Amino acid sequence: MFKLAQKFLPQQRLLNGSKNALSLRRMISTSDEVKSVDTIGGLPSEIVNEQKLKKTTRTLSTLQNHSVPIAARVTVSKDESRDFMSVFPDVVRDLTNATKSYNCNDAAKWFAQVLQYNVPRGKKNRGILTVLTYKNLVRSEDLTPENIKLAQYLGWCVEMLQSFFIISDDVMDNSTTRRGQKCWHKVENVGLTAINDALMIENALYSLLKQHFSHLDCYVALMELFHEIAFITTCGQSLDLLNSNKRVSDFTMENYKAIVDNKTAYYSFYLPFALAMHLAGYKDAEAFRQSKTILLEMGHFFQVQDDFLDCFGNPEVTGKIGTDIQDNKCSWLAVVAMQRANAEQKQIMIDCYGQNDPLKVERVKELYKELSLPSTYAIFEEESYNMIKTHIQQTSRGVPHQTFLQILNKIYQRDS
């Protein structure tokens, strides 16, 4: 898969880490600052950026005709997904039996429906990432069916945590669709019962951990990691909701980064990776620290992609209708737009952003195009990829570089 992904990646000489970071910061700054950049890597910036935009023409075509970009691909193979899904019936069985043990037969039947509707419906990237990382970290002789199944159970615990967050988030945002189907709270006869269902899913993952991991030395570390990441993510959700009550003129890149790190990056990237490290027997604190640094960078990259797709993605591909503009979200697009905009354009953002009026939503999208944010995003995506790849190559403690690169290549130029 790694070799296959390389065929799609631009064969561009890597800039060193500091130059990459500098050029990246300039690209997301104000229009005046962008004009001050004369060279990139010793070449005129106009030439470099023109070359990059040529490479991303297919990606940008999604804005024009919703065609599938050149690098769009299933983020996990069919075999990986099938193997992972084969364990899910065992997960449902274990959890319904645990529910029945409390003399809650009706609740057990309902909970089975909750699990089947919500947990396995997405791309399952986080769960499968747990399994793939574990396979990359251990010796081949340790890849027994029993150990692989333990990694798969851990992956399903991650997917359950994801479902808890998604159901809760959809209720708070009053969203309509998720993963190509109705949000759970919008399903007939569910409503706000979804809140308790989300709580059941979250707490049930600890039942799975107790059933399958309590005999292992890493059990306490796994429990503590899930609790820590759940708390961090809810803190990020709080930041997101609090910022949604601010005016768009008060959004900052600093606040955006805090929201992204805490709400998305920790549980989507660091959690699966760190769980696999614990299961594989890693003890070195520095290895965990270096891994966290890289994975949080990937999480930031991933969320910027998500913000872009929320506005410009094809709902038939992404599986959801974006509402960041209407919901007054502190998104990457909104922050960069306010950095780039002149006084008149800023007033358009202030008047139209965070409004449910379809005409105002469309005006914001048109303004994004006027400010060339699709082109800026395309350049950001490639520069971010190169910068993260450089940082991966600089890591030194225990984790193979290819393990990180496999993850990075899976999310690069995704379309959903």
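Since the model is a prediction, treat every value here as computed from it, not as a measurement. (Residues numbered from 1 in each chain as written. Predicted model: local features only at pLDDT ≥ 70, side-chain atom pairs only at ≥ 80, totals over all residues. Heavy atoms only, no water.)

K.L.:
Which parts of the structure should I look at to understand the packing of helix H11 (residues 145-173) against helix H13 (residues 219-243)?
P.N.:
The description of two packed helices rests on the angle between their axes and on the distance between the axes. At a closest axis distance of 12 Å, the pairing of H11 and H13 adopts a crossing angle of 20 degrees. Here H11 lies roughly parallel to H13, going by the angle between them. Once H11 is placed against H13, the crossing between them reads as right-handed. On H13, the residues that touch Leu154, Cys157, Val158, Leu161, Phe165, Asp169, Met172 and Asp173 of H11 are Leu222, Phe226, Ala230, Thr233, Thr234, Gln237 and Leu241. (Axes fitted to C-alpha atoms, helices over the stretch in contact; angles between N-to-C directions. Helix = DSSP H or I, 4+ residues; strand = E, 2+ residues; numbered from the N terminus. Parallel < 35°, antiparallel > 145°, perpendicular 65-115°, else oblique. Left-handed = near helix turned anticlockwise from the far one by under 90°. Contact = heavy atoms within 4.5 Å.)

K.L.:
I would appreciate a short explanation of a nonpolar patch on the surface in the present structure.
P.N.:
Judged by side-chain polarity, Leu192, Ile195 and Leu199 come together as a nonpolar surface patch covering roughly 290 Å² of accessible area. Relative to the assigned elements, leucine 192 resides in the loop between strand S4 (181-182) and helix H12 (193-213). Looking at leucine 192, the relative accessible area reads 62%, which means it is exposed. (Patch = residues over 30% accessible without salt bridge, like charges linked within 9 Å, V, L, I, M, F, W, Y side chains within 5 Å. Areas by Shrake-Rupley, 256 points an atom, 1.4 Å probe, with all protein chains shown as cover. Salt bridge = Lys/Arg side-chain N within 4 Å of Asp/Glu carboxyl O. Buried < 20%, exposed > 50% of the residue type's maximum accessible area, 1.4 Å probe, protein only.)

K.L.:
What is the right way to read H11 from this model?
P.N.:
Between its first and last C-alpha, H11 extends 41 Å over 29 residues, near the 42 Å set by a 1.5 Å rise per residue. Phi turns positive one or two residues past the end of H11, at asparagine 174, with a value near 55 degrees. (Expected span 1.5 Å × (residues − 1).)

K.L.:
What exactly am I supposed to notice about the packing of aromatic side chains here?
P.N.:
The geometry of an aromatic ring pair is captured by two quantities: the separation of the ring centres and the angle between the planes. The full count for this structure, using the stated rule, is 15 aromatic pairs. Ring centres 4.2 Å apart and planes at 5 degrees place the aromatic pair phenylalanine 84 and tryptophan 156 in the stacked group. On the criterion of sequence distance, the pair formed by phenylalanine 84 in helix H7 (residues 78-85) and tryptophan 156 in helix H11 is long-range, its members being 72 residues apart. Here the aromatic cluster, defined as three or more aromatic residues joined through ring pairs, consists of Phe308, Phe312, Trp332, Tyr377 and Phe380. Above the plane of the ring of tyrosine 270 lies lysine 292, whose end atom (NZ or CZ) is 5.2 Å from the centre. (Phe/Tyr/Trp six-rings, centres within 6.5 Å; stacked < 30°, edge-to-face > 60°. Lys NZ or Arg CZ within 6 Å of the ring centre and 35° of its normal.)

K.L.:
Teacher, can you tell me more about the confidence of the model for the protein chain here?
P.N.:
Should pLDDT be low for a region, the predicted coordinates there are not to be read in detail. Averaged over all residues, the pLDDT of the protein chain equals 83, while 81% of them reach at least 70. Segment residues 1-75: pLDDT under 50, and 113 contacts once partners within four positions in sequence are set aside and those in other chains are kept. (pLDDT = per-residue confidence, 0-100.)

K.L.:
Would you take a moment to explain the packing of H7 against H11 for this structure?
P.N.:
It is at 10 Å that the axes of H7 and H11 come closest, and there the two elements cross at 90 degrees. Taken together, the axes of H7 and H11 are roughly perpendicular relative to one another. Here H7 contributes Asp83, Phe84 and Met85 to the contact with H11, which in turn contributes Gln152, Gly155, Trp156 and Glu159. Here the residues of the contact of H7 with H11 are counted per class, giving three nonpolar, two polar and two charged. (Nonpolar A, V, L, I, M, F, W, Y, C, P; charged D, E, K, R; others polar.)

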